[in-house]
Amino acid sequence: RRSGFTSRAWSSRGRRIAPGATTGEPSRDFGTPIDEPTHTQGDRHKGEMASKNVLRRIFSNAGSRLLQCAAPRPGKHSQLLTARGMAAASAGGKIQAAPMVYVAGEEMTRYTMDRILERWIKPHVDTSAWEFFDLRAKNRDDTEDQVLRDVISAGARLKAIFKEPTITPTADQVKRLGLKKAWGSPNGAMRRGWNGITISRDTIHIDGVELGYKKPVFFERHAVGGEYSAGYKIVGKGKLTTTFVPEDGGEPVVVDDRKITDDLNAVVAYHNPLDNVTHLARIFFGRCLDAGIVPYVVTKKTVFKWQEPFWESMKTVFDAEFKQKFYDSGIMKPGSELVHLLSDAATMKLVVWTDGGFGMAAHNYDGDVLTDELAQVHKSPGFITSNLVGVDDNGTLIKEFEASHGTVTDMDEARLRGEETSLNPLGMVEGLIGAMNHAADVHGGSSSVHPWTGKLRAVIHKLFREGRGTRDLCGAGGLTTEQFIDAVAEEL
């Protein structure tokens, strides 16, 4: 730990350990076509002015029912909460949290979540059924990434995961942290391990508080494929041939054959799995239908021709299963069609459509970049959720919840220098709430867990409405990281 504020002892292979113990291990009305979801012609000037103001804010701040396609049901390894266990927890004055995986990260976000666990969670919630893992880069290095494999195994078993932000070490961080290698993205491994379908990133709204978007905005980011699992080599002049060999023993297919003439080149190979795009489509269109918002599909298929199947799969599901439902609900006018947006056009629509009330679905990388923009328009990454939806071999949904932002390295460095910080934890706390609620839905205990997490959310929102939030929303007069945590604790 770089911080002297640690309040938890962790086993590198899982559960929390007692202080002093040793483990022997390293430690609306829409027009046709659907173009501008909530703007009429008379609002255009107002909308243009608003978009300029939003752009100004973006650049000035530049430095700083999920799918119910399978009802949650316990797996064979689930630890169902019994009435006796619930009664015992109540007798101790705490609610009993259902089994789930808690993954700790590092830097500023870990420091903040350490304090939140101590001040908000432990006094009110019995977390003895949680399985804790330390996913700092140093611990991954010390365990040869066994800790990550254990996280994936536990998540597949318990179905509910909360994850703090972690780092994927750069070459500089490898040197600074004394790592043996630059370990790959833990998020990518989790998405593959849990058969990830989509990463849902949505705006968080607080009644009585004006944020970037007036109404909800949903985003589905394809959870697999693309650059994140790419193989690459740095090469010189020569010939590059990419060949596909069919699993059934058929004739090899040359995908690409080219001459390389530069002295220095990066050659890259990756693929986009498409089998689960239909599942993504059902998740996305189902959520938009429930929320009453207009769906859009985003690609760059005019240039990247290989993105055409993504659009075709999405449109096929929409036309066959959802189009009439959107007509009947009044979300779309009869005769209108699902709209495709080029990714560069989507970039501007996110700035212009500040009334909200729309959703977008995109490939993995586009979804990553566009949701960063979404967070900036909506005031702060702290007001965006990030939920991975996967599925096990029996069709049971696996859900992992986290914040949409990273470890906030620059703020952590300021804290270590003794400077004041003001980190908005709402995105992380919404993730923790989501994981606790999903765990209770799967394993039992929702009648006590859901009301308590609802109270926690209400307290946080109340403080923001009263001007006692963090400085990203409340300005210079807002509370520091520690003051905000203490204020919520007092309200609880």
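Read on for an overview of the structure.

With that out of the way, let us pick up the environment of Leu 350. Mapped onto the elements of the fold, Leu 350 is located in helix 10 (residues 343-352). Its relative accessible area of 0% is what places Leu 350 among the buried residues. Taking the C-alpha atoms as reference, Leu 350 lies 9.7 Å from Met 360; in sequence the two are 10 residues apart. When sequence neighbours within four positions are dropped, the list of residues in contact with Leu 350 reads Tyr 213, Phe 358, Met 360, Leu 370, Glu 373, Leu 374 and Val 377.

As a packed pair, helix 13 (residues 426-443) and helix 14 (residues 446-465) sit with axes 9 Å apart at the nearest point and diverge in direction by 170°. Looking at the two axes, helix 13 sits roughly antiparallel to helix 14. Of the two possible hands of crossing, helix 13 and helix 14 adopt the one that is left-handed. Residues Leu 426, Val 429, Glu 430, Ile 433, Met 436, Asn 437, Ala 440 and Asp 441 of helix 13 touch helix 14, and the partners they reach there are Ser 446, Val 449, His 450, Trp 452, Thr 453, Leu 456, Arg 457, Ile 460 and His 461.

Their axes nearest at 10 Å, the elements helix 3 (residues 107-121) and helix 16 (residues 481-491) cross at an angle of 20°. The angle between helix 3 and helix 16 falls in the class roughly parallel. The crossing of helix 3 and helix 16 is right-handed. Residues Met 108, Tyr 111, Thr 112, Arg 115, Ile 116, Arg 119 and Trp 120 of helix 3 form the contact with helix 16, whose participating residues are Thr 481, Glu 482, Phe 484, Ile 485, Asp 486, Val 488 and Ala 489. Residue composition of the contact of helix 3 with helix 16, by class: 8 nonpolar, 2 polar and 4 charged.

To continue, consider the pairing of strand 4 (residues 101-104). Here strand 4 shows two buried faces, one formed by Val 101 and Val 103 and the other by Tyr 102 and Ala 104. Bridge count for strand 4 against strand 6 (residues 131-134) is 4 bridges, and the pairing is parallel. If you follow Val 101 over to strand 6, its bridge partner there is Glu 131. Judged from the 3 bridges that link them, strand 4 and strand 7 (residues 160-163) form a sheet pairing that is parallel. The partner of Val 103 across the bridge, within strand 7, is Lys 163.

With respect to the secondary-structure elements, Thr 480 resides in the loop between helix 15 (471-474) and helix 16. Setting aside anything within four residues of it in sequence, one finds Thr 480 in contact with Glu 420, Thr 421, Ser 422 and Arg 471.

With that settled, consider the pattern of salt bridges. Applying the stated criterion across every chain, the model contains 34 salt bridges. With a closest N to O distance of 2.7 Å, Arg 140 and Asp 145 form a salt bridge. The same class applies to Arg 140 as to Asp 145, namely buried. The shortest N-O distance in the salt bridge between Lys 462 and Glu 466 comes to 2.8 Å. Salt bridges linked by common partners bring Lys 315, Asp 319, Lys 323 and Glu 337 together as one network.

Where two aromatic rings form a pair, the distance of their centres and the angle of their planes describe that pair. Applying the stated criterion across every chain yields a total of 17 aromatic pairs. A ring pair is formed by Tyr 102 and Phe 162, whose centres lie 5.1 Å apart and whose planes are at 55°; its orientation type is tilted. With Tyr 102 in strand 4 and Phe 162 in strand 7, this residue pair connects regions lying 60 residues apart in the sequence. Of the two residues, Tyr 102 and Phe 162, both sit in the buried class. Ring-pair connections join several aromatic residues into one group, and the members of that group are Phe 284, Phe 285, Phe 318, Phe 322 and Phe 326. A cation sits over an aromatic face here: Arg 221 above Tyr 228, 5.2 Å from the ring centre.

What follows covers empty space enclosed by the protein. Of the volumes computed, that of the largest cavity is approximately 50 Å³. Around the largest cavity sit Asn 187, Met 190, Arg 191, Ile 199, Ser 386, Asn 387, Leu 388, Glu 400 and Glu 402, which together line it. Where the lining of the largest cavity is concerned, the elements lending two or more residues are helix 7 (186-193), strand 17 (385-391) and strand 18 (397-403). Within the lining of the largest cavity, the residues separate by chemical class into 3 nonpolar, 3 polar and 3 charged.

Basis of the calculations
Residues numbered from 1 in each chain as written. Predicted model: local features only at pLDDT ≥ 70, side-chain atom pairs only at ≥ 80, totals over all residues. Heavy atoms only, no water. Helix = DSSP H or I, 4+ residues; strand = E, 2+ residues; numbered from the N terminus. Buried < 20%, exposed > 50% of the residue type's maximum accessible area, 1.4 Å probe, protein only. Contact = heavy atoms within 4.5 Å. Axes fitted to C-alpha atoms, helices over the stretch in contact; angles between N-to-C directions. Parallel < 35°, antiparallel > 145°, perpendicular 65-115°, else oblique. Left-handed = near helix turned anticlockwise from the far one by under 90°. Nonpolar A, V, L, I, M, F, W, Y, C, P; charged D, E, K, R; others polar. Pairing = 2+ DSSP bridges. Salt bridge = Lys/Arg side-chain N within 4 Å of Asp/Glu carboxyl O. Phe/Tyr/Trp six-rings, centres within 6.5 Å; stacked < 30°, edge-to-face > 60°. Lys NZ or Arg CZ within 6 Å of the ring centre and 35° of its normal. 1 Å grid on protein atoms, 1.4 Å probe; cavity = no way out; pocket = protein on both sides within 12 Å on 5 of 7 lines; lining within 4 Å. Points joined across faces, edges and corners; volume = space filled by probe spheres on them.

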